[in-house]
Every structure is written in C-alpha cells, then in structure tokens.
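So the chains spell out like this:
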Amino acid sequence: MTLPAQATQAAADSSAAISAATDVTRVYGEGSAAVHALDGVSVSLQRGAYTAIMGASGSGKSTLMHLLAALDQPSSGTVTLDGVDVGTLDDRRLTELRRDKVGFVFQAFNLLPVLTAEENLVLPLTIAGRKPDVAWLEQLVEAVGLGDRRTHRPSELSGGQQQRVAVARALVSRPAVVFADEPTGNLDTTSSGEVLGLLRRAVDEFGQTVVMVTHDAQAAAYADRLVVLADGRIAHDCAAGSADDVLDVMKAVTP
C-alpha cells in the first residue's frame, strides 16, 4: 500500500489541538549509554478525536504518551496541554494540570480494593475535594452498565467490569483528554470490545478526546486516527481504517 506523508496530521493547526508535541526529543542516560527514545517528533492531537498510537516495543510510543500527558518532560522541544506549555510549569502546577485536565486508564485497573465501585469512580473528585455532578455520575454509571454493581468492591467484579469503572473514573471530572495505556491488555475479547466501545462512545456521545496506546490492531480500528512510531520517529499518521488496514500499516512500517 502507499503510505501517506509523515506530516499529514503533524501539520494540522495546533490551535485546535488538545495536546501537541513540537520537535520533541527524549533521551535517557548519557554518553555511550544514551537511549534516544524520541527523535524530533511533532504531532498535534485534535479535540474530540480518538487517536491510537502504535509501534513495536522500544519504538517510543509510551514515551510519547507520557510526554503528551505531562507525566514526563522532553529533553528538547515543546509540549502543550490544553494550550499550556508544560515546560513552563513547576511541580505543583504540573500536578494541578494533570488533575484538572487529564484522565488516565491503565492496563492494570488500579482500583482501590477497600472502596466500592462508585467510591473508586469518584475518587479523583474526592481527592480534589469536589463533589460529583449527580446527573453526570448517573449517566456514567449507566454508560458503563454497572448500576447494580456500584456498591461492590473490585474483588466482586470481573476484569471487564473493573476496567469499565476505571474508564468512568477517568471521565468523571470531565477532563480535557483521556490517555489510555493498553486498556484492554488484561481483558478477554468480549470485555475488550465493551471497554473499547465505551471509549468510542465517550468520543461520539460525550465529546471526549481519547488517546490510546495499544499493540492490538482490533483496538486501533476503534480510533479515528492511527499514529505509528518506529525508532523514535513517526512512521505513519493517517485515518485508522479497519483492523486489516492497521495490520497492513504495521507490516509496512515496522521491522
């Protein structure tokens, strides 16, 4: 297949971006032991879109997500999150930015075992000293299909149910963007489809922005856009297409 130019989406108007990296590098270590995880990456993630980031192990995909989510700082270049240059913030303001603007979903569900499903769901608001919007909370509980499980603890929930709680937790504060790191990595096929469908619904119905790192072509096919990294650089950036389209891209651009 003919691949689109690397800069197809990178050249998008960054003023519409919820998170953007400009000529970013990330180097770990020094001298002969230095590892160049990212090498001059520029990408803009648009509001209200679902973006999948893929690449072989060591390609830089997780590093890019960590930078875009303000969990790490680049060695050079700039990263903006909801219009804020994260490089200008001290630790306190970075923490506030992540708390107010970012939701996270991880492969490990990261639910607190002593809390109920609902208590886990509203935990970000509890930590921030805020009360949930009751109507929004009820909408989320309905969306994740856990109305009859809200008082159950994680040990009483299936893996898929726990991850749906985690997705709702990421959405409860109405963040500017949700970052999902291999969100279906611990789930079976049925549960994976439920979680991916929930993320898709968050974009289509709730106007959320979702950025997902995944190794799964079926998962990437739920996205609007596919960004593939290879050796610390963007090797492909275009519409995601079907799972078969994703597989074709991965075969073409990764070793």
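Figured I'd write up the structure that's included with this text. Residue indices follow the written sequence of each chain, beginning from 1 at its first position. Thresholds applied to this predicted model are a pLDDT of at least 70 for local features of residues and 80 or more for the giving and counting of side-chain atom pairs; totals over whole chains, interfaces and linings are not thresholded and use all residues. Remark: hydrogens and water are excluded; side-chain values derive from all non-hydrogen atoms of the structure.

## Overview of the layout of surface pockets
- Only protein atoms enter the calculation, which uses a 1 Å grid: trapped sets of points that fit a 1.4 Å probe without letting it out are cavities, open sets showing protein on both sides within 12 Å along at least five of seven lines are pockets, and any residue with an atom within 4 Å of a point is a lining residue. Grid points are joined across faces, edges and corners, and a volume is the space filled by probe spheres set on the points. The space that makes up the largest pocket amounts to roughly 480 Å³.
- As for the largest pocket, its lining consists of 21 residues, of which Arg98, Arg99, Val102, Phe104 and Pro124 are closest to the centre.
- Taken together, the elements giving at least two residues each to the lining of the largest pocket come down to helix H2 (91-101), strand S6 (102-106), helix H4 (123-128) and helix H6 (159-171).
- Working definition: helices are DSSP H or I runs of at least four residues, strands are E runs of at least two. Numbering for both runs from the N terminus. At five residues, H4 tops the list of elements feeding residues into the lining of the largest pocket.

## Here we look at empty space enclosed by the protein
- Enumeration over the complete set of coordinates arrives at one cavity of 30 Å³ or more.
- Empty space within the largest cavity amounts to approximately 40 Å³.
- If you trace the largest cavity, you find it lined by Ala117, Glu118, Leu121, Val141, Val144, Leu146, Arg150 and Val165.
- Ranked by residue count, the leading element in the lining of the largest cavity is helix H3 (residues 117-121), at three residues.

## Section: the nonpolar core
- Ranked by size, the top nonpolar core spans 48 residues in total, and within it Tyr50, Leu121, Leu140 and Leu226 carry the most contacts.
- Those residues within four positions of leucine 226 in sequence are excluded, and the remaining contacts are Ala52, Met54, Ala220, His236, Asp237, Cys238, Ala239, Ala240, Val246 and Val249.
- What we call a nonpolar core is a set of buried Ala, Val, Leu, Ile, Met, Phe, Trp, Tyr and Cys residues that are connected through their side-chain atoms within 4.5 Å. Burial here depends on accessible area, computed with a 1.4 Å probe over protein chains only, as a share of the maximum for the residue type. Under 20% is buried, over 50% is exposed, and the range in between is partly exposed. Listed in part, the 30 residues of the second largest apolar core include Ile53, Leu68, Ala70 and Leu89. Note on contacts: a residue pair qualifies if any of its non-hydrogen atoms lie within 4.5 Å across the two residues.

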